[in-house]
Amino acid sequence: MKNRLVQKAITLAITVAVLMVGLMLISDVVRDRIYNRDRAVQSVVNSTAGSQTVFGPVLVQQCTREAVAKDSEGRAETRLVSFQRYALPDSLQHSANAQMQPRTRGLYQVNTFVLADQLTARFAPGNQLQGKPETSNVRHCDAPRLMLPVSDPRGIRTASLRINNQEVALEPGTGHPTYTRGLQSKPLAAAADSNAPMEVKLALELVGTERVGFVPIGGANQVNMQANWPHPSFGGNFLPSRREITDAGFDATWNISALASSARQGFLSGKSLCSPADPDAGFEQESSQCLEQFGTHFIDPVNPYTLSDRATKYGLLFVVLTFVAVGMFEVLKKLRVHPVQYLLVGSALCSFFLLLISLSEHLGFEKAYAIGAAACVLLLGYYASHILGSMQRGLPFAALIAVMYGLLFVLLQLEQTALVVGSLALFAVLAVVMVATRKVDWYAFGKSDGNAPIPPAPLPPAAPMQPWPLPKEPA
């Protein structure tokens, strides 16, 4: 190939393609570690309890009524049909305190918590038990019960119930056809009197994993939650009206009116108590068939697996920018760098991401990043000093690589502004390259020695001049 610039571009493209295969393999390793971490979380959930969502209490009464139906021959007959009537609290207050108790499975840490919830619900006089509109011709009703649905009752450690300052025994299960998991009280004969107010106090100690949430089932809902975890991710259908986050933990308060929520109507229509679909998205509801809820997710902002996965996505950009830096030295200093040397430099960059994920499992992300970046900068600086011809050229190259690692670390810490910072950095790199190469004659650089004009062959040296012999005079 006659044009040296085109030949070099093709060889570098092949080198980048080979390095992309290596980056893909490293990405597979990172995803495999993330999968193992998810399995560790699921193992802890299977042994303790999963994410917890609490709502209620709700007063429930089982009744039977007469219903007219037709048999197979078309004759009308009267049957007894069971149904439930409900009374929802007029006001509901949660005073919750969550203490983190991290657990480990091998190399993986899982954020579990113990929630101590002091729940107070008030049923005003005249808050009657209600059922569906067709619940006429009631034949019989059992004594009502108080139920408290919980998404994973395996996490219940202790629970005590007092109604109007009277201790009431609790039983497992709810007796509800949709919300089957949770607690229920013994039959409450006095609660059938709708003209008497009722105050319910429930002390609940609950174990869960990574998330806790509440359903605003009351007419007026207030939740005050404290935790010794400084990295909450509030989510769901409602955000806290007040929150205070410090290095020691957080304190948040929700105030939600039934006028702003459809949870009460959703309960009466039997909507599902859904769990969050994405662990990193808090309590985002994906279906209109789910009860409204809110709460917090105890996230780990320096999760090494998430950050390593994000860092690996910048691997190709790292390789390209480094090759641009080497190419600038090659053009401006009129050097010749072999494609194998480009491949070794790119391989050193790719090895950084493998060092990052492996070291972060033992040392934490920040220490692993510092060690991996320092090792790669020293190695590339030493190698560049030889391929570029001198230490004076290798040190600026190493400094440039160090700046790139620093920029990548900043991008990993940013979430909302990562795109704008990365765009400005790429624009700055492009501007530097354009300014530095503004006087380069690319036509002359692209020509190989074979394209140069052939100089004329030198003439052979002239023979020394001999004097002409003089004619002899006649004798």
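Everything numeric here is computed off the predicted structure, so don't read it as measured data.

## Remarks on the nonpolar core
Within the largest apolar cluster, 51 residues are counted, with the highest numbers of intra-cluster contacts made by M225, F267 and F298. Leaving out residues up to four positions away in the same chain, F267 has contacts with F55, V58, Y86, L88, M147, H176, Y179, I217 and L291. In this structure, F329, V337, I387 and F397 belong to the second largest nonpolar core, which totals 41 residues.

## Here's the deal with the confidence of the model for the protein
Counting all residues, the mean pLDDT for the protein is 79, and 80% of those residues have values of 70 or more. For the stretch residues 277–286, pLDDT sits under 50, and the model shows 25 contacts to residues farther than four places along the chain or on other chains. In the predicted structure, residues 450–454 sits below a pLDDT of 50 and forms one contact with residues beyond four places in sequence or in another chain.

## Details of the pairing of strand β16 (residues 220–227)
Where burial is concerned, the two faces of β16 differ: the one with N221, V223, M225 and A227 is buried and the one with A220, Q222, N224 and Q226 is not. Two elements, strand β4 (residues 91–100) and β16, share eight bridges in a ladder whose sense is parallel. By the bridge assignment, S95 is partnered in β16 with N224. When β16 meets strand β19 (residues 249–257), the two strands line up antiparallel, connected through eight bridges. For Q222, the partnering residue across the bridge sits in β19 and is N255.

## Some words on empty space enclosed by the protein
Scanning the entire structure with this criterion turns up one cavity of 30 Å³ or more. In this structure, the largest cavity encloses a volume near 60 Å³. As for the largest cavity, its lining consists of P57, L146, M147, L148, L161, L170, L183, Q184, S185 and L202. Those elements that provide at least two residues to the lining of the largest cavity are β9 (145–149) and β13 (182–185). Of the residues in the lining of the largest cavity, the class split is eight nonpolar, two polar and no charged.

## Considerations on the packing of helix α5 (residues 339–363) against helix α6 (residues 365–387)
The N-to-C vectors of α5 and α6 enclose an angle of 160°; their axes lie 7 Å apart at closest approach. Here α6 runs roughly antiparallel to α5, going by the angle between their axes. Taken as a pair, α5 and α6 cross one another with a handedness that is right-handed. In this structure, α5 uses Q341, L344, V345, A348, L349, S351, F352, L355, L356, L359, S360 and L363 to contact α6, whose residues at the interface are F365, K367, A368, Y369, I371, G372, A373, C376, L379, L380, Y383 and I387. In the contact of α5 with α6, the residues fall into 19 nonpolar, four polar and one charged.

## Remarks on the packing of aromatic side chains
Summed over the entire model, instances satisfying the criterion amount to 17 aromatic pairs. For the pair F234 and F250, a centre-to-centre distance of 5.5 Å together with 85° between the ring planes defines the contact as edge-to-face. Linking F234 in strand β17 (residues 232–236) with F250 in strand β19, this pair joins segments that are 16 residues apart in sequence. The same class applies to F234 as to F250, namely buried.

## A few points about the UniProt feature "transmembrane region" (unreviewed entry) in the protein
According to UniProt, the "transmembrane region" (unreviewed entry) feature falls on residues 9–27, 314–332, 339–357, 369–388, 395–412 and 418–437. The span residues 314–332 is 95% helical and 0% strand by assignment, and the distance between its end C-alpha atoms comes to 27 Å. With 100% helix and 0% strand, residues 339–357 has its two end C-alpha atoms placed 28 Å apart.

## Thoughts on the environment of H297
Mapped onto the fold, H297 is located in strand β20 (residues 294–298). As for H297 and R211, which are separated by 86 residues in sequence, their C-alpha atoms are 4.4 Å apart.

## A short note on helix α4 (residues 315–332)
Spanning 18 residues, α4 covers 26 Å between terminal C-alpha atoms, matching the ideal 26 Å at 1.5 Å per step. α4 sits mainly inside the fold: 13 of its 18 residues count as buried. Note on α4: the residue one or two positions beyond its end, K334, has a positive phi of about 55°.

## A short note on the sheet that holds β17
Two orientations exist for strands paired in a sheet by backbone hydrogen bonds: parallel and antiparallel. Spatially, four strands are ordered β1-β15-β20-β17 in an open sheet, and the strand pairing comes out mixed. The two strands at the open ends of the sheet, each matched to only one other strand, are β1 (52–54) and β17. Across the sheet, the mean angle from the axis of one strand to that of its neighbour is 20°, orientation sign disregarded. One ladder, built from five bridges, connects β17 with β20; its direction is antiparallel. Bridging across to β20, F234 finds its partner in T296.

## What about the sheet that holds β19?
Sheet architecture is open: eight strands sit in the order β11-β10-β14-β7-β4-β16-β19-β18, paired in mixed fashion. Across the chains shown, the open sheet's two edge strands, defined by having one partner strand only, are β11 (166–168) and β18 (242–246). Put simply, the sheet's adjacent strands are angled 15° from each other on average, direction ignored. With three bridges connecting them, strand β10 (residues 156–163) and β11 associate as antiparallel partners. Within β11, the position partnered with L161 by the bridge is V168.

Parameters and conventions
Counting restarts for each chain: residues are numbered from 1 in the order of the written sequence. Totals for whole chains, interfaces and linings use every residue, but because this is a predicted model, local features are given only for residues with pLDDT of at least 70 and side-chain atom pairs only at 80 or more, for both listing and counting. Excluded from the side-chain calculations are hydrogens and water; all other atoms, namely the structure's heavy atoms, are used. Residue types Ala, Val, Leu, Ile, Met, Phe, Trp, Tyr and Cys, when buried and joined through side-chain atoms within 4.5 Å, form a set referred to as a nonpolar core. Working definition: with a 1.4 Å probe on protein chains only, accessible area under 20% of the residue-type maximum means buried, over 50% means exposed, and in between means partly exposed. Pairs of residues are marked as contacts when any of their non-hydrogen atoms sit within 4.5 Å. Residue-level confidence of the predictor is what pLDDT reports, using numbers from 0 through 100. Helix and strand definitions here come from DSSP, where helices need a minimum of 4 consecutive H or I residues and strands a minimum of 2 consecutive E residues; each element is numbered from the N-terminal end. Strands are labelled as partners when DSSP assigns at least two bridges between them. Throughout, the protein atoms alone are placed on a 1 Å grid, and a set of points is a cavity if a 1.4 Å probe fits but cannot get out or a pocket if it is open with protein on both sides within 12 Å along at least five of seven lines; lining residues have an atom within 4 Å of a point. Grid points are joined across faces, edges and corners, and a volume is the space filled by probe spheres set on the points. When residue character is reported, Ala, Val, Leu, Ile, Met, Phe, Trp, Tyr, Cys and Pro are called nonpolar, Asp, Glu, Lys and Arg charged, and the others, Gly included, polar. Helix axes use the C-alpha atoms of the stretch in contact, all axes being lines fitted to C-alpha atoms, and the angles between their N-to-C directions lie in the range 0 to 180 degrees. When an angle is under 35 degrees it counts as roughly parallel; over 145 it counts as roughly antiparallel; between 65 and 115 it counts as roughly perpendicular; any other value is oblique. The handedness criterion is simple: a crossing whose near helix is rotated anticlockwise from the far helix by less than a right angle is left-handed, and one whose near helix is rotated clockwise is right-handed. For this analysis, a ring pair means two rings from Phe, Tyr or Trp (six-membered ring only for Trp) whose centres lie within 6.5 Å, classed as stacked if their planes differ by under 30 degrees, edge-to-face if by over 60, and tilted for the remaining angles. UniProt positions are given in the numbering used here, feature names are shortened, and annotations may be inferred rather than shown by experiment. Working rule for helices: expected span equals 1.5 Å times residues minus one.

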